[in-house]
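Residue strings, one per chain:
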Amino acid sequence: MTSYTKKIKAAVLCGAMALGGTSASAEMEFQEVADLLHLVMSSDRTVYTRMVVNRLAVKEKVITASEHFVDDKALVLPAQMFRFGAEMVAEETDAFSYSLLSLWPINKQNAPSTDLEKEGLEYIADNPGENFYGEEELGGVNYFTAFYPDVSVAEACSSCHNAHKDSPRTDFEGGDVMGGVVIRIPMDG
């Protein structure tokens, strides 16, 4: 099978999964599905961060980005955009879920809450460029859980985190792992 054919097959499978039509194990391994989902998420987030937030708020200074974007008439922060997407996906399917977590969260709800989350986030922080995969049971359901480093891809990332009054860490630089994208795929049924 060619690389192109595999990509088409993966896209069809991911689309079917999102609509609840099949399980990840029907055609592909859980890790491959998670990796492909992350590729899309990471690409979209990086484009928004670099081409919208960093360009307009940091370089051209024509608008700010703010966690209080409605009140401040500002751009949505990249982490908020990511969370809004995750919430919309959760309304449409239970075939997978995703979130953005950190060992140094500005918002405490984004801290690790399971042993595997802590282990995965520590691993990707200590091993730049590597992912972490595991399995866990939550609420009686077995999940394949994947962790991907969330890296500062633009000045807007590190400067925002470093300047935030609630940030437990204020020394981020470009390219640093600031947290992790966590993707969960139910393994049962």
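The shown structure was predicted, so the numbers you read here are calculated from the model rather than taken from an experiment.

S.K.: Got a minute to help me understand the overall build of the protein chain in this structure?
M.R.: Within the protein chain, the secondary structure is distributed over six helices and four strands. Across the protein chain, helices and strands are ordered from the amino to the carboxyl terminus as α-α-α-α-β-α-β-β-α-β. Looking at the 189 residues of the protein chain, the share that counts as buried comes to 39%. Contacts in the protein chain between residues far apart in sequence, at least 24 positions, make up 55% of those at least 6 positions apart. When the accessible surface of the protein chain is split by element, carbon and sulfur atoms take 53% of a total near 10700 Å².

S.K.: Looking at this structure, how should I read helix 4 (residues 78-92)?
M.R.: Residues spaced three or four apart along an α-helix face the same direction, because each turn holds 3.6 residues. If you check helix 4, its first and last C-alpha atoms are 22 Å apart, about what 15 residues at 1.5 Å a residue would give, namely 21 Å. For helix 4, the elements touching its buried residues are helix 2 (30-59), helix 3 (69-72), strand 1 (97-101) and strand 4 (177-186).

S.K.: Mind showing me how you'd approach the packing of aromatic side chains here?
M.R.: Each aromatic ring pair is characterised by the separation of its centres together with the angle its planes make. The full count for this structure, using the stated rule, is eight aromatic pairs. Relative to tyrosine 98, the ring of phenylalanine 82 lies with its centre 5.1 Å away and its plane at 70 degrees, an arrangement referred to as edge-to-face. With a gap of 16 residues between them, phenylalanine 82 in helix 4 and tyrosine 98 in strand 1 connect regions that are remote in the sequence. We classify phenylalanine 82 as buried; its relative accessible area is 7%.

S.K.: Explain the sheet that holds strand 4 here, please?
M.R.: In sheet architecture, strand pairing relies on hydrogen bonds along the backbone and comes in two forms, parallel and antiparallel. Across the sheet, four strands lie side by side as 1-4-3-2; this open sheet has antiparallel pairing. Lying at the two open borders of the sheet, with one neighbouring strand each, are strand 1 and strand 2 (132-138). Averaged over all pairs of adjacent strands, the angle between their axes in this sheet comes to 25 degrees, without regard to strand direction. Looking at chain direction, strand 1 and strand 4 are connected through five bridges and run antiparallel.

S.K.: Help me out: how do you make sense of the pairing of strand 3 (residues 141-151) in this one?
M.R.: Regular strands have side chains that alternate between both faces of the sheet. Summarising burial for strand 3: eight of the eleven residues are buried, a large majority. Of the strand pairs in this sheet, strand 2 and strand 3 are connected by seven bridges, and their pairing is antiparallel. Residue pairing across strands places leucine 138 opposite valine 141, the latter belonging to strand 3. Linking two consecutive strands that pair antiparallel, namely strand 2 and strand 3, is a turn of two residues; a positive phi of about 60 degrees is found at glycine 139 within it. Summarising the sheet, strand 3 and strand 4 pair through nine bridges and their orientation is antiparallel. Residue tyrosine 148 lies in a different strand from strand 4, and its bridge partner there is valine 181.

Cut-offs used in this document
- Residues numbered from 1 in each chain as written.
- Predicted model: local features only at pLDDT ≥ 70, side-chain atom pairs only at ≥ 80, totals over all residues.
- Heavy atoms only, no water.
- Helix = DSSP H or I, 4+ residues; strand = E, 2+ residues; numbered from the N terminus.
- Buried < 20%, exposed > 50% of the residue type's maximum accessible area, 1.4 Å probe, protein only.
- Contact = heavy atoms within 4.5 Å.
- Areas by Shrake-Rupley, 256 points an atom, 1.4 Å probe, with all protein chains shown as cover.
- Expected span 1.5 Å × (residues − 1).
- Phe/Tyr/Trp six-rings, centres within 6.5 Å; stacked < 30°, edge-to-face > 60°.
- Pairing = 2+ DSSP bridges.
- Axes fitted to C-alpha atoms, helices over the stretch in contact; angles between N-to-C directions.

Interpretation in functional terms is not warranted from these geometric data alone.
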